[in-house]
Amino acid sequence: LRVDNVLESSRMEVERLAFSQEVVNLSDLVSSVGEAARGVAEVLDGRIRFEVEPNLNVHGDPRALRLMFDNVMDNAIKFADPAPEITVLIEVKEGFALTRIVDGGIGFTAIQKSDFFQRFGRGDTGRPGMGLGLALSRVVARGHGGDVHLHSSGIGKGAVAEIWLPLVNGHTHG
């Protein structure tokens, strides 16, 4: 149970998605989230690989953005089968920072996917969880002018989470 998801979900409803607006180095934030998750992946005999373009900045709430990336990374590890093999890529695309978290996990069908972004929707995966993480992640991304998408070629074929966030002034800053 991720109690922080429940608390943040409630906080965001009360605050009507009033995210703070700071310049956040997304490259550093995502790398930090990935490094924190690396220990969990290694305990499961897995690994996390990074291809992160440096110094990509977005406007946003660092706490909410970290929670969003924590949730997506947690899912990549949780749905690994048997050991997490995860690649984290960040690139610039059409004025956005596009983060892809690619896993070689259990994958999913289009029918399962329809539930993933609903609160308490779990897509009948058979894995633990409350079904709040992706719903909360999408709220955070959209509250920052972006979005979250999931892709999979089917059961046993892994998944890709794409997180799109607009860059500060549409480009990178050092």
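Residues numbered from 1 in each chain as written. Predicted model: local features only at pLDDT ≥ 70, side-chain atom pairs only at ≥ 80, totals over all residues. Heavy atoms only, no water.

So, a nonpolar patch on the surface
Nonpolar side chains collect at one region of the surface, where V40, V43 and L44 lie side by side and expose about 270 Å² of accessible area between them. Structurally, the position occupied by V40 is in helix α2 (residues 26-43). (Patch = residues over 30% accessible without salt bridge, like charges linked within 9 Å, V, L, I, M, F, W, Y side chains within 5 Å. Areas by Shrake-Rupley, 256 points an atom, 1.4 Å probe, with all protein chains shown as cover. Salt bridge = Lys/Arg side-chain N within 4 Å of Asp/Glu carboxyl O. Helix = DSSP H or I, 4+ residues; strand = E, 2+ residues; numbered from the N terminus.)

Thoughts on the side chain of N25
With respect to the secondary-structure elements, N25 resides in strand β1 (residues 22-25). In this structure the side chain of N25 is engaged in a polar contact, spanning 2.9 Å, whose partner is the backbone nitrogen of D28. If we ignore the near neighbours within four places in the chain, the residues touching N25 are N55, L56 and N57. (Polar contact = N/O pair within 3.5 Å; in protein donor to acceptor, adjacent residues only side chain to side chain. Contact = heavy atoms within 4.5 Å.)

Focus: the nonpolar core
M68, F69 and M73 are the most contacted members of the largest nonpolar core, which totals 35 residues. Secondary-structure elements contributing two or more residues to this core are α2, α3 (62-78), β4 (85-93), β5 (96-103), α5 (133-143), β6 (147-151) and β7 (159-166). In terms of residue count, α3 provides more of this core than any other element does, eight residues in total. With residues near it in sequence (within four places) discarded, F69 still touches L26, L29, V30, V33, T99, I163 and L165. (Core = buried A, V, L, I, M, F, W, Y, C linked by side-chain atoms within 4.5 Å. Buried < 20%, exposed > 50% of the residue type's maximum accessible area, 1.4 Å probe, protein only.)

Notes on the packing of aromatic side chains
Taken as a whole, this structure holds one aromatic pair when the rule is applied. A centroid spacing of 6.0 Å and a plane angle of 75 degrees characterise the contact between F96 and W164, whose relative ring orientation is edge-to-face. Residue F96 is located in strand β5, and its partner W164 is located in strand β7; the two are separated by 68 residues in the primary sequence. The exposure class assigned to F96 is partly exposed, which follows from its relative accessible area of 26%. W164 sits in the buried class, given a relative accessible area of 18%. (Phe/Tyr/Trp six-rings, centres within 6.5 Å; stacked < 30°, edge-to-face > 60°.)

Some remarks on α3
Residues spaced three or four apart along an α-helix point in a common direction, a consequence of the helix completing one turn every 3.6 residues. Taking 1.5 Å of rise per residue, 17 residues should cover 24 Å, and α3 covers 24 Å from first to last C-alpha, within 8% of that figure. Of the positions making up α3, those classed as buried are A64, L65, L67, M68, F69, N71, V72, M73, N75, A76 and I77. Capping the start of α3 is the job of one residue whose side-chain oxygen sits 3.0 Å from the backbone nitrogen of R63: D61. (Expected span 1.5 Å × (residues − 1).)

Focus: the side chain of D103
Tracing the chain through its elements places D103 in strand β5. Here the side chain of D103 touches G105 through a polar contact of 2.7 Å, landing on its backbone nitrogen. Apart from residues no more than four positions distant in its own chain, D103 is found in contact with A76, E85, I86, G158 and A159.

With respect to the sheet that holds β6
The strand order across the open sheet formed by five strands is β2-β4-β5-β7-β6, and the pairing between neighbours is mixed. Looking at which strands have only one partner, the edges of the open sheet turn out to be β2 (47-52) and β6. The average angle at which neighbouring strand axes cross in this sheet is 15 degrees, direction not considered. Of the pairings in the sheet, the one linking β5 to β7 comprises eight bridges and is antiparallel in character. Bridge pairing in β7 links A97 to L165. Running at roughly 170 degrees to β2, α2 makes contact with β2, β4, β5 and β7 of the sheet. Along the sheet, α5 makes contact with β6 and β7, crossing β6 at roughly 135 degrees. (Pairing = 2+ DSSP bridges. Axes fitted to C-alpha atoms, helices over the stretch in contact; angles between N-to-C directions.)

A closer look at the packing of α2 against α3
One way to put it is that α2 packs onto α3 with a least axis distance of 10 Å and a crossing angle of 40 degrees. Comparing their axes, α3 and α2 come out oblique. Considering only the axes of α2 and α3, their crossing is right-handed. Contacts from L26, L29, V30, S32, V33, G34, A37 and V40 in α2 reach P62, L65, R66, F69, D70, M73 and I77 in α3. Considering only residue class, the contact of α2 with α3 consists of eleven nonpolar, two polar and two charged. (Parallel < 35°, antiparallel > 145°, perpendicular 65-115°, else oblique. Left-handed = near helix turned anticlockwise from the far one by under 90°. Nonpolar A, V, L, I, M, F, W, Y, C, P; charged D, E, K, R; others polar.)

The values reported here are purely geometric and, on their own, carry no functional implication.
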